[in-house]
Amino acid sequence: MAHPVDIHVGKRIRHRRWLIGMTQQQLAEKVGIKFQQIQKYETGANRVSASRLWDISDALDVNISFFFEGLQDETKSVPDKARVPADLMGDKEALDLVRSYYAIPENQRRRLFELARVLSDVA
């Protein structure tokens, strides 16, 4: 049985890799391992060693802390109105939306953000 922290770190690896448009094969080549090992990391089937996580963070251009972000938040209570799916970053539709959002010019993106806040009634 995979440890919840290993699963979380694996999801964050997959999230970042997917967000920047990198394949498992490309990440594996940058890190110097086989793509099957990346698959095992992403599912939490295998633990990522500290040195390997360092290499992966370098290849994905993020700080090591990125892989642990949100780990403690998973256990905190969130008001119903602000509740989002537990695995938001594992949701392909959500990641497509984020990727599309950042492809919009900044001034238009700000206006879209404000519109979304008004429509969601969370503002």
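Residues numbered from 1 in each chain as written. Predicted model: local features only at pLDDT ≥ 70, side-chain atom pairs only at ≥ 80, totals over all residues. Heavy atoms only, no water.

Packing of helix α1 (residues 4-19) against helix α3 (residues 35-43) leaves a shortest axis separation of 6 Å and a crossing angle of 120°. Considered as vectors, α1 and α3 are oriented oblique to each other. Here D6, I7, G10, K11, I13, R14 and R17 of α1 lie close against α3, whose contacting residues are Y41, E42 and T43. Of the residues contributing to the contact of α1 with α3, the split by class is three nonpolar, two polar and five charged. (Axes fitted to C-alpha atoms, helices over the stretch in contact; angles between N-to-C directions. Helix = DSSP H or I, 4+ residues; strand = E, 2+ residues; numbered from the N terminus. Parallel < 35°, antiparallel > 145°, perpendicular 65-115°, else oblique. Contact = heavy atoms within 4.5 Å. Nonpolar A, V, L, I, M, F, W, Y, C, P; charged D, E, K, R; others polar.)

Another aspect to go through is the environment of G44. Tracing the chain through its elements places G44 in the loop between α3 and α4 (50-59). On the basis of relative accessibility, which here comes to 2%, the residue G44 falls in the buried class. Spatially, the C-alpha atom of G44 lies 8.1 Å from that of P4, the residues being 40 residues apart in sequence. Those residues in contact with G44, other than ones at most four positions away along the chain, are A2, D6 and I7. (Buried < 20%, exposed > 50% of the residue type's maximum accessible area, 1.4 Å probe, protein only.)

What follows concerns the packing of aromatic side chains. One pass over the full model with this rule turns up two aromatic pairs. Between F66 and F67, the aromatic rings sit 5.5 Å apart at their centres with planes inclined by 80°, giving edge-to-face as the arrangement. Given the relative accessible area of 12%, F66 is considered buried. Overall, the relative accessible area of 0% leaves F67 in the buried class. Lying across the ring of F66, R12 places its NZ or CZ 3.9 Å from the centre. Here the basic side chain of R109 rests over the ring of Y101, its NZ or CZ set 5.7 Å away from the ring centre. (Phe/Tyr/Trp six-rings, centres within 6.5 Å; stacked < 30°, edge-to-face > 60°. Lys NZ or Arg CZ within 6 Å of the ring centre and 35° of its normal.)

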